Amino acid sequence: MTDIVCIGEPLGEFNATRGEEGAYRFGLGGDTSNCAVAAARQGASVAYVGALGDDEPGRTWRSLWAAEGVDHAHVSTHPSAPTGLYFVSHGPQGHVFSYLRAGSAASLYGPAQLPRDLIASAKVIQASGISQAISASACDAVFEAFAIARQNGVLTAYDTNLRLKLWPLTRARAIVHAACGMADIVLPGDGDAKLLTGLEQPDAIVDFYLKLGAKVVALTLGHEGSLVATPSSRQRFVPIKVDAIDATGAGDCYDGAFLAEYIRTGDAFAAGAYANVAAALSTQGYGAVAPLPRRADVEARIAQEVAGRA
């Protein structure tokens, strides 16, 4: 049985390096694929579902998945459509994304390509707003995957990840709210959730998603930490202090670490505390994947934090 199956679009990444004008560091990214690697580094068994191009970024992704122990047997290779790309720049308001992904292999993926047996036998199926925003067929694939999961008693997890360069807010709201209504675990980011819900306060935001039917809501609050809620309880987690360089994949790291720890413990608040530390550690290097911490790194920092409070 696979612990976590992630669905979406892997991308090639060009990340601007501070202090070197015109210089970019090549890497890999894509929110759900980052989540998959983050979860695998915490010890979960993980599989990925989607499509890549027959190109260098696609082959690099397969090499990385193989090295990280992520099952990519159900990721198809499109003979002519490319793997998508994105660029990251850094400014006063944080990181800024630019995309080159129209007509990508992942955007051509649809419900007919889903590995139904894999989905039906997993513990958690994870997708995001970006998984659905890239095309109508990809959007339908996520809905179908969630339907298969629910029919088979498999947990569903959804990150609201909002990219308004991919679709208008009105459509995003309709699709994301519908997907959250099918999700057991909702993983919104603070900034995206404010736009999607029209609400400002963290408690009001988690209440909104709980009312849609979520069993667990884990709201990330950037440098203010996170808030985890169930219908009967909630807990705020303050951030740890780190020398942050690049927060590109921090939210995705939180997702992967949260799901891995939730599967391991069955405790949403233990998972929130763990993911809060993992996400902070992931900001200490450039790129979405390279800085993702491993379980030993997270556990060592948790021990250090506990010792510091003693």
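Just so you know, these numbers come straight off a predicted model, no measurement behind them.

As a further point, take the layout of surface pockets. Reported here for the second largest pocket is a volume of approximately 290 Å³. Ile240, Ala273, Val277, Glu305 and Arg309 are the residues nearest the centre of the second largest pocket, which is lined by 15 residues in total. Among the secondary structure elements, those contributing two or more residues to the lining of the second largest pocket are β14 (234-237), α10 (268-281) and α11 (295-309). No other element matches α10, which puts five residues into the lining of the second largest pocket. Classifying every residue of the lining of the second largest pocket gives ten nonpolar, one polar and four charged.

A few words now on the pattern of salt bridges. Evaluation of the coordinates by the stated rule reveals 17 salt bridges. Note that Arg101 is salt-bridged to Glu9, the shortest N-O span being 2.9 Å. With Arg101 in the loop between β8 (94-100) and α3 (116-121) and Glu9 in the loop between β1 (4-7) and β2 (11-16), this residue pair connects regions lying 92 residues apart in the sequence. The buried category is assigned to Arg101, whose relative accessible area is 8%. Glu9 sits in the buried class, given a relative accessible area of 3%. Here Glu56 and Arg59 are joined by a salt bridge, their closest N and O atoms 3.7 Å apart. Of this pair, Glu56 and Arg59 are both found in helix α2 (residues 56-68), three residues apart, which corresponds to roughly one turn of the helix. Within the structure, one salt-bridge network assembled from shared partners comprises Glu261, Arg264, Arg295 and Glu299.

Cut-offs and rules
- Residues numbered from 1 in each chain as written.
- Predicted model: local features only at pLDDT ≥ 70, side-chain atom pairs only at ≥ 80, totals over all residues.
- Heavy atoms only, no water.
- 1 Å grid on protein atoms, 1.4 Å probe; cavity = no way out; pocket = protein on both sides within 12 Å on 5 of 7 lines; lining within 4 Å.
- Points joined across faces, edges and corners; volume = space filled by probe spheres on them.
- Helix = DSSP H or I, 4+ residues; strand = E, 2+ residues; numbered from the N terminus.
- Nonpolar A, V, L, I, M, F, W, Y, C, P; charged D, E, K, R; others polar.
- Salt bridge = Lys/Arg side-chain N within 4 Å of Asp/Glu carboxyl O.
- Buried < 20%, exposed > 50% of the residue type's maximum accessible area, 1.4 Å probe, protein only.

Scope: geometric values only; no functional claims are made or implied.
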